[in-house]
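Remarks on the overall topology
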Amino acid sequence: MNIFKKTIFSVLLSLLVMGNVNADKIRIGTEGAYPPWNSKNEAGKLIGFEVELAYTLCRYIGQQCVIVEQDWDGMIPALIMRKFDAIMAGMSITAERQKAISFSQGYADEVASLAVMKGSSLEGLDTSAGINLTKPNATAKKDLKTLTAALAGKTVCVQTATIHQNFLDSGDVGKVNVRTYKTQDEVNLDLASGRCDAALAAAVAFSDYAEKSGKPVVLTGPTFSGGAFGNGVGVGIRKDDTELLKKFNAAINKARKNGDISRIATKWFGFDASM
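Here is a short report on the structure shown in this document. (Residues numbered from 1 in each chain as written. Predicted model: local features only at pLDDT ≥ 70, side-chain atom pairs only at ≥ 80, totals over all residues. Heavy atoms only, no water.)

A short note on the packing of helix α6 (residues 184–193) against helix α7 (residues 203–213)
For the pair α6 and α7, the least separation of the axes is 11 Å and the interaxial angle reads 60°. By the angle class used here, α6 and α7 are oblique. As for how α6 packs across α7, the hand of that crossing is right-handed. Facing α6, whose interface residues are Q184, N188, L189, L191 and A192, α7 presents A205, F206 and Y209. Grouping the amino acids of the contact of α6 with α7 by side-chain chemistry returns 6 nonpolar, 2 polar and no charged. (Axes fitted to C-alpha atoms, helices over the stretch in contact; angles between N-to-C directions. Helix = DSSP H or I, 4+ residues; strand = E, 2+ residues; numbered from the N terminus. Parallel < 35°, antiparallel > 145°, perpendicular 65-115°, else oblique. Left-handed = near helix turned anticlockwise from the far one by under 90°. Contact = heavy atoms within 4.5 Å. Nonpolar A, V, L, I, M, F, W, Y, C, P; charged D, E, K, R; others polar.)

Written as structure tokens, this is what we have:
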């Protein structure tokens, strides 16, 4: 065998080996900027509820996990372009997203809430504790009217391309000045600096920020679920990856039965947010 043939053979063999290695791994995309769902520690290592849960689910599946960092607004396009095989990034299961990708069963609940700085005129709104917008009852409709009046002309900050932005854009709480940001960290910073009258995100994201920063951020109004806020958080998977979807659903069932999801959620959220 001459040197040229040897080189070609070596390259093909390397590609074959790499392909086999990667076939045993599940690449999972996450944002790394939405604590405590997913974030990075001081050393730059990806951590959080979904990072730990991802490794747990992969153990049940029997394959190795590789966590891939991805900006939120490019998450679904990156999945479709096969940059990774699944999404675990605090992504709520919504009808709009299901047009593009499939979802596993939900593994955690992401109730949303408005947040303001302590002393704000929006603090302590007279509403119920929580509303479900899938089929709004009389209480929910009353709360939406209260919010419409309170938020009129106010600036509410949200992360772009989220269920929270979709809700504010829907008109359910009237005309609101919506200011969008690339990451939740940027939302938190501008809320604390007074550039936002209020902000909307997962309630636990604000609680986590208040605890870690010491800033007097408080929740106000009802918590939101259902409707534009979806039906819990699940693993996002390409529509043609039906076998991988089955594997994740089976793994979630095992993790739930063994108490893993509840344990990991309590560790990162301070309460059991599992579904």
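Following the structure, the description resumes.
Things to note about the sheet that holds strand β4 (residues 64–69)
Pairing is mixed in the open sheet, where 5 strands are placed in the order β4-β1-β5-β13-β6. Only two strands of the sheet have a single neighbouring strand rather than two, namely β4 and β6 (102–103). Bridge count for β6 against strand β13 (residues 236–237) is 2 bridges, and the pairing is antiparallel. Bridge pairing in β13 places F103 opposite G236. Helix-sheet contacts for helix α2 (residues 49–61) involve β1 (25–30) and β4, and the interaxial angle to β4 is about 150°. (Pairing = 2+ DSSP bridges.)

A word on the state of the cysteines
Overall, the coordinates contain 2 disulfides when judged by the stated rule. The residue that forms a disulfide with C58 is C65, at a sulfur-sulfur distance of 1.9 Å. Around the S-S axis, the bridge from C58 to C65 shows a dihedral of about 65° and counts as right-handed. Of the two residues, C58 and C65, both sit in the buried class. Here C157 connects covalently by a disulfide to C196, the sulfurs 2.0 Å from one another. The disulfide joining C157 to C196 has a torsion of about -100° about its S-S bond and is therefore left-handed. A residue pair is termed long-range when its members are at least 10 positions apart, and C157 in strand β9 (residues 155–159) and C196 in the loop between α6 and β11 (198–202) qualify at 39 residues. Of the two residues, C157 and C196, both sit in the buried class. Take the cysteines of the chain that form disulfides and number them in order along the sequence; they join up as 1-2, 3-4. (Disulfide = S-S within 2.5 Å. Buried < 20%, exposed > 50% of the residue type's maximum accessible area, 1.4 Å probe, protein only.)

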